[in-house]
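Structural features, examined
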Amino acid sequence: HGRARLSLALLAVLAAMLGFGAATGVLGDGSRAVNVVWTLGALLGVHLVSLGLWLAAMLFAGKAPGGALNAGGVPGRLWLRLVYALDLSPQSVELPLALGGLLGRSRAAVWGIGAVSHGLWALALGGAAAGLLLLFATRRYGFVWETTILPAAAFTALTSALGSLPEQCGFPVPDAALVAASGNAVMAEEAGRHAWAGWLLGCVLVYGVLPRLLLALACGLLWRRAS
């Protein structure tokens, strides 16, 4: 338990730092325009793919020996393997299979590892949101979207669809005129910069941090019930 808590704390700090670093990497130092589509894809793309793989893995969890420990998400399995690696006793070799057999019957292992995975993802995405907020507060960015074959209406519809939920939470969302103007030139006006910054931050929080927090809470409750 002590090794589990220590390794989990280290992974939590690492996840937040990686998220913060991802935000600073995609935004840059302000010397170049921020492509809003690429920025949002870079911050949420891996998260969405990982979430889809987790949902698929849940359908097959526990159908093979030790299979319960192979579900729940990559960060949670990484944490569990790190705990095993710190244990040098002979029994540690058989511990994963034994633990999977014991907890797999009630899917407790799936929910426990899932809670850790979603919690680490929430910390990483929260670190990215904190990085966005800090950089938006201390640097001046211009925003643009670019395309060769797609019409401006496609980006207008995409911005409006993705911004519907953040807008209900109070985040600013660019209107159709602002989206069209950002495709012709870098948006440097103050109102436009505020709208794009709020849209990016709102999307990361609503589509990234919030789902992971809710899933971590749900998996945690199911873990307590199953165990």
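Everything discussed here concerns the structure shown above.
First things first, this report covers the structure right here in the doc. Bear in mind the structure is a predicted one, so any value in this text is a computation, not a measurement. (Residues numbered from 1 in each chain as written. Predicted model: local features only at pLDDT ≥ 70, side-chain atom pairs only at ≥ 80, totals over all residues. Heavy atoms only, no water.)

Some remarks on the layout of surface pockets
Estimates place the volume of the second largest pocket at around 400 Å³. What lines the second largest pocket is a set of 18 residues, among which Ala 15, Leu 18, Gly 19, Trp 121 and Ala 124 lie closest to the centre. Contributing elements (two or more residues each) for the lining of the second largest pocket: helix 1 (2-27), helix 2 (36-60), helix 3 (74-85) and helix 5 (108-138). Partitioned by chemical class, the residues of the lining of the second largest pocket number 16 nonpolar, two polar and no charged. (1 Å grid on protein atoms, 1.4 Å probe; cavity = no way out; pocket = protein on both sides within 12 Å on 5 of 7 lines; lining within 4 Å. Points joined across faces, edges and corners; volume = space filled by probe spheres on them. Helix = DSSP H or I, 4+ residues; strand = E, 2+ residues; numbered from the N terminus. Nonpolar A, V, L, I, M, F, W, Y, C, P; charged D, E, K, R; others polar.)

Here's the deal with the environment of Gly 202
Mapped onto the elements of the fold, Gly 202 is located in helix 8 (residues 190-226). The buried category is assigned to Gly 202, whose relative accessible area is 0%. Expressed as a C-alpha distance, the spacing of Gly 202 and Ser 164, which sit 38 residues apart in the sequence, is 10.0 Å. Apart from the residues within four sequence positions on either side, Gly 202 is in contact with Pro 166, Phe 171 and Tyr 207. (Buried < 20%, exposed > 50% of the residue type's maximum accessible area, 1.4 Å probe, protein only. Contact = heavy atoms within 4.5 Å.)

Here's the deal with the packing of helix 6 (residues 152-168) against helix 8
Where helix 6 contacts helix 8, the two axes come as close as 9 Å, and the packing angle between them is 65°. Taken together, the axis directions place helix 6 and helix 8 in an arrangement best described as roughly perpendicular. Remark: the crossing between helix 6 and helix 8 carries left-handed chirality. On helix 8, the residues that touch Thr 159, Ala 161, Leu 162, Gly 163, Ser 164, Leu 165 and Pro 166 of helix 6 are Trp 196, Trp 199, Gly 202, Cys 203, Val 206 and Tyr 207. Here the contact of helix 6 with helix 8 is built from residues that sort into nine nonpolar, four polar and no charged. (Axes fitted to C-alpha atoms, helices over the stretch in contact; angles between N-to-C directions. Parallel < 35°, antiparallel > 145°, perpendicular 65-115°, else oblique. Left-handed = near helix turned anticlockwise from the far one by under 90°.)

Overview of helix 1
Its 26 residues place the ends of helix 1 38 Å apart at the C-alpha level, agreeing with the 38 Å of an ideal helix rising 1.5 Å per residue. For helix 1, the full list of buried residues reads Ala 4, Ser 7, Leu 11, Ala 12, Ala 15, Gly 19, Ala 23 and Leu 27. At the exit of helix 1 stands Gly 28, carrying a positive phi of roughly 80°. (Expected span 1.5 Å × (residues − 1).)

Considering the nonpolar core
Formed by 30 residues in total, the largest nonpolar core has its most connected members in Leu 132, Phe 136, Phe 143 and Trp 196. Mapped by element, the contributors of at least two residues to this core are helix 1, helix 2, helix 5, helix 7 (176-184) and helix 8. Discounting residues that sit within four places of it in the chain, Phe 136 has contacts with Leu 27, Tyr 141, Phe 143, Ala 197 and Leu 200. Counting nine residues, the second-largest nonpolar core is a separate cluster that includes Ala 4, Trp 79, Ile 113 and Leu 120. (Core = buried A, V, L, I, M, F, W, Y, C linked by side-chain atoms within 4.5 Å.)

The analysis is restricted to geometry; functional conclusions fall outside its scope.
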